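Each chain, letter by letter, is given below.
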Amino acid sequence: MESKIKIKINGETVEVEKGTSMLEAAKQVGVIIPTLCYHKDLCVAGNCRVCVIEVVGQKRLSPACATPCEDGFEILTNSLKVRNSRKYILELLLSEHNADCTRCYKNGNCELQRLASEYKIMEQDFIRLVPFKNYTIDKFSPSIIKDDSKCIRCQRCVRTCAELQGVNALAVAFKGDQMKITTFFEKALNDVICTNCGQCINHCPTGALVERNYIEEVWDAIADKTKHVVVQTAPAVRVGLGEELGFEPGTRLTGKMVSALKHLGFDAVMDTDFTADLTIMEEGTELLTRLKKVLVDHDPNVRLPMATSCSPGWIKFIEHLYPEHLDILSSCKSPQQMFGALVKTYYAQARKINPDKIISVSIMPCTAKKFEANRPEMHDSGYRDVDYVLTTRELAIMIKQAGIDFNRLEDMHFDRLMGESTGAGVIFGSTGGVMEAALRTVYEIVTGREVPFEKLNIIPVRGTEGIREVSVKIENPLKEWAFLDGIELNCAVAHGLVNAKKVMNSIISGQTNYHFVEFMACPGGCLGGGGQPIPTSPEIRQKRAEAIYAEDAGMPLRKSHLNPEIIKIYKDFLGEPLSEKSHHLLHTKYVKRGM
Amino acid sequence: MNTVTELIKNLADQHGRQRNNLLPILQGVVEQEKYLSEFSMKAIAKELDMSAAEVFGTATFYSFLEHKKMGRYIIRICKTISCSMKGSNQVLLAIEDMLKISLGETTTDGTFSILQTNCLGFCHQAPAMLINNEVYTDLTPEKVREILSMYINKIKEGAPNEN
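Residues numbered from 1 in each chain as written. Chains lettered and ligands numbered in written order. Predicted model: local features only at pLDDT ≥ 70, side-chain atom pairs only at ≥ 80, totals over all residues. Heavy atoms only, no water.

Chemist: Describe the overall build of chain A, with residues and values.
Modeler: In terms of regular secondary structure, chain A is built from 19 helices and 18 strands. The C-alpha radius of gyration of chain A comes to 25 Å, within 12% of the 25 Å expected for a compact globule of 595 residues. Counting only C-alpha atoms and orienting by the principal axes, one finds that chain A spans roughly 80 × 65 × 50 Å. For chain A, the residues scored as buried account for 61% of the 595 residues in total. Of the contacts made within chain A by residues no fewer than 6 positions apart, 75% connect residues no fewer than 24 positions apart. In the structure as shown, chain A presents an accessible area of about 23,900 Å², 51% of it carried by carbon and sulfur atoms. Separation of charge centres in chain A, based on 73 positive and 75 negative side chains, amounts to 3 Å. (Helix = DSSP H or I, 4+ residues; strand = E, 2+ residues; numbered from the N terminus. Rg over C-alpha atoms; globule rule 2.2 N^0.38 Å. Buried < 20%, exposed > 50% of the residue type's maximum accessible area, 1.4 Å probe, protein only. Contact = heavy atoms within 4.5 Å. Areas by Shrake-Rupley, 256 points an atom, 1.4 Å probe, with all protein chains shown as cover. Lys, Arg positive; Asp, Glu negative; His and termini not counted. Charge placed at Lys NZ, Arg CZ, Asp CG, Glu CD.)

Given below as structure tokens:
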């Protein structure tokens, strides 16, 4: 069977695979067709019509994203008919769009704005409907702002919430001119099953869905001379930030990022990677304790597998959808919250600063972290542990506002005490990273030997498959862990909540027999998080992942338990993993939320 | 178990639990309850293992699947052009005046709700309206007052709920 077909695009003959969409075919010959509702991560919807093209001999125009090429097709992408139609389509979209661009958070990074500018939409041939529509702006969530007046109903967010996340908090409701993207009974986002993952923000072509930003609050804190402002940066930020500042995806900018943060005026710049290492110590020990309770003590109150708890989107997901299964979660706080609790205790004591005067800021690839910092459980230091959470995008905005020439910055190191980290901490930013970091340490604790993978690279847990599994056989353990001799430690990794759902269902039905599972809410893990630079695509996430693993490979220390500052904090402050102090500051409880 | 939950379970048993069984289940609930409450939509979502927002999206797309609490008798007056040309507006005013509620509202005793509907297919006997499943045609303000009086009397005499 012939799988190649020949078509003509603007007069040029091209050979493409049968079934290729006209959009893809045009891209192959360097012809760009504008799109709005199309996104590489999502299924084709074909509802915005901006990508219409003309097939010679056909009366009606076809949407390029949704029409497969057929042999002998002659396609025109820039005929007068196409140009005029596209212009009308854009004008119609704009007639219902609150195009107050200078006051919009997405100003300068809006796909609709870019197209309007490209097609020079100057006249107003259609009645402006915005004043007649009773649009809702939902600002109640600490993470996400949803402004219906900016929505063009392309439904990327709806498809994101359904296909990538399996949450379906957003849906299309009502019909005709009343049709809108909304939630259950049009409730506020923080009143429904939204996980705050922010993937809808990453996929929104306009300003209809944006993060709630805390840029001004942080500037105020920095300007306040009575405050000591501490900042932490998550692993995935250093490999994403560059995209907002003109670098290629996957550029590693750790040193320059630290330098930029110092230039912004933060009093101390430290690393969430440090508490990622700390998480491994706590979570690894917790895993071993649970294994012992189940396998040796047969404790009926303890269950396997143990699930990771670093991803606040995943946490809210399980709280909503599987409230009866919260006992599988590790009690460890996320690295962000561990850091927050320690800044206002350990760090404050060591630096002799009144915790009252400390403002703790975190830079995260994540919007759910904003919600997490806001949880009532997160006040174990006696204060709010993390005061403000900024996304990677917000940090880039601050850097630009400050007029910093990023290229000319010199590399700098994180400040001491909570700034040292290992490669194990860095890979938390990628799907499979927490698992890999945990195995590096846990295997060594149990056997006294390094995990049996070349150069510590546990390749089976890396990659982009939605669900990945690895079994590690434990042989000749140390005497203390003799009960684990011969046991195959079954581990699994899931990223994207739609995959988390599959794994949860397989656990509940008993189809799988995992001991330890890593769950990440976002596709690709944190590096594909809802607070990362826009646009996102599988290729961009791949580049970021390569950068993360390169960062790990370049670290002198690559196992959490070897981090000298981790050794120091246990010696000086915490005692040992799962100590009373650890329990108080580094562990938490979860809430049954239901649907 | 709550009666609505039970009803939904029975409907799901009867129609199935696939996504394409959602509509008959929604219709079944509306038939008994007159509207789809938050509670019923959540129960349906749970039964069919889908999100409540999707159920809401489907319910709000279709006419005759109300999601606000409705009276025992739902009056749906045709809003399309033939009925409009034959004076459906005056008929609506007469109903509003008699029941002392506006379009979209329900009487405080929970007896009547007034809604609009698209074409009922009775253009040749316009203006037309529905009261629950009963069609009334060739309406005039006088006629509609008589019809409503009949319903009010029926209730006074203690007519059982139509279900």
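Once you've had a look at it, read on.
Chemist: Kindly report on the packing of helix H2 (residues 22–33) of chain B against helix H4 (residues 52–61) of chain B, identifying the contributing residues and their values.
Modeler: Residues and elements named next belong to chain B. It is at 11 Å that the axes of H2 and H4 come closest, and there the two elements cross at 70 degrees. Judged on the interaxial angle alone, H4 and H2 are roughly perpendicular. Contacts between H2 and H4 involve Leu22, Leu23 and Leu26 from the former and Val55, Thr58 and Ala59 from the latter. (Axes fitted to C-alpha atoms, helices over the stretch in contact; angles between N-to-C directions. Parallel < 35°, antiparallel > 145°, perpendicular 65-115°, else oblique.)

Chemist: Could you give an account of the pattern of salt bridges, naming the residues involved and the relevant values?
Modeler: For the coordinates displayed, the defined rule picks out 46 salt bridges over all chains. A salt bridge links Glu96 of chain A to Arg153 of chain A; its shortest N-O distance comes to 3.1 Å. Here Glu96 of chain A is found in the loop between helix H2 (80–95) and helix H3 (111–118), whereas its partner Arg153 of chain A is found in the loop between strand S7 (144–147) and helix H4 (156–164), with 57 residues between them in sequence. Each member of the pair Glu96 of chain A and Arg153 of chain A is classed as buried. The salt bridge involving Lys9 of chain B is made with Glu47 of chain B; its shortest N-O contact spans 3.5 Å. Separated by 38 residues along the polypeptide, Lys9 of chain B in helix H1 (residues 3–15) and Glu47 of chain B in helix H3 (residues 38–48) bring together distant segments of the chain. (Salt bridge = Lys/Arg side-chain N within 4 Å of Asp/Glu carboxyl O.)

Chemist: Describe the packing of H2 of chain A against H3 of chain A, listing the residues and the values that go with them.
Modeler: All names here are of chain A. Contact geometry of H2 with H3 gives a least axis separation of 11 Å together with a crossing angle of 135 degrees. Compared by their axis directions, H2 and H3 come out oblique. Handedness of the H2/H3 crossing: left-handed. Residues Leu90, Leu93 and Leu94 of H2 pack against Leu112, Leu115 and Ala116 of H3. (Left-handed = near helix turned anticlockwise from the far one by under 90°.)

Chemist: Give me the lowdown on the environment of Ser40 of chain B, citing residues and values where you can.
Modeler: Residue and element names in this part refer to chain B. Summarising the element assignment, Ser40 is placed in helix H3. Its relative accessible area of 2% is what places Ser40 among the buried residues. Setting aside residues up to four positions removed in sequence, Ser40 forms contacts with Val4, Ile8 and Val29.

Chemist: Talk me through the packing of aromatic side chains; I want residue IDs and the actual numbers.
Modeler: In the structure shown here, the tally under the stated rule is 16 aromatic pairs over all chains. Each ring, one from Phe61 of chain B and one from Tyr62 of chain B, has its centre 5.0 Å from the other, and the planes form 80 degrees; the classification is edge-to-face. Look at Tyr62 of chain B and you get partly exposed, because its relative accessible area is 35%. For the ring pair Tyr136 of chain B and Tyr151 of chain B, a centre distance of 6.3 Å and an interplane angle of 75 degrees mean the geometry is edge-to-face. Placement of Tyr136 of chain B in strand S4 (residues 134–136) and of Tyr151 of chain B in helix H7 (residues 141–156) is noted, with a sequence separation of 15 residues between them. An identical accessibility class is assigned to Tyr136 of chain B and Tyr151 of chain B; each is buried. Among the aromatic residues, those joined into a cluster by ring pairs are Phe174, Phe184 and Phe185 of chain A together with Phe56 of chain B. (Phe/Tyr/Trp six-rings, centres within 6.5 Å; stacked < 30°, edge-to-face > 60°.)

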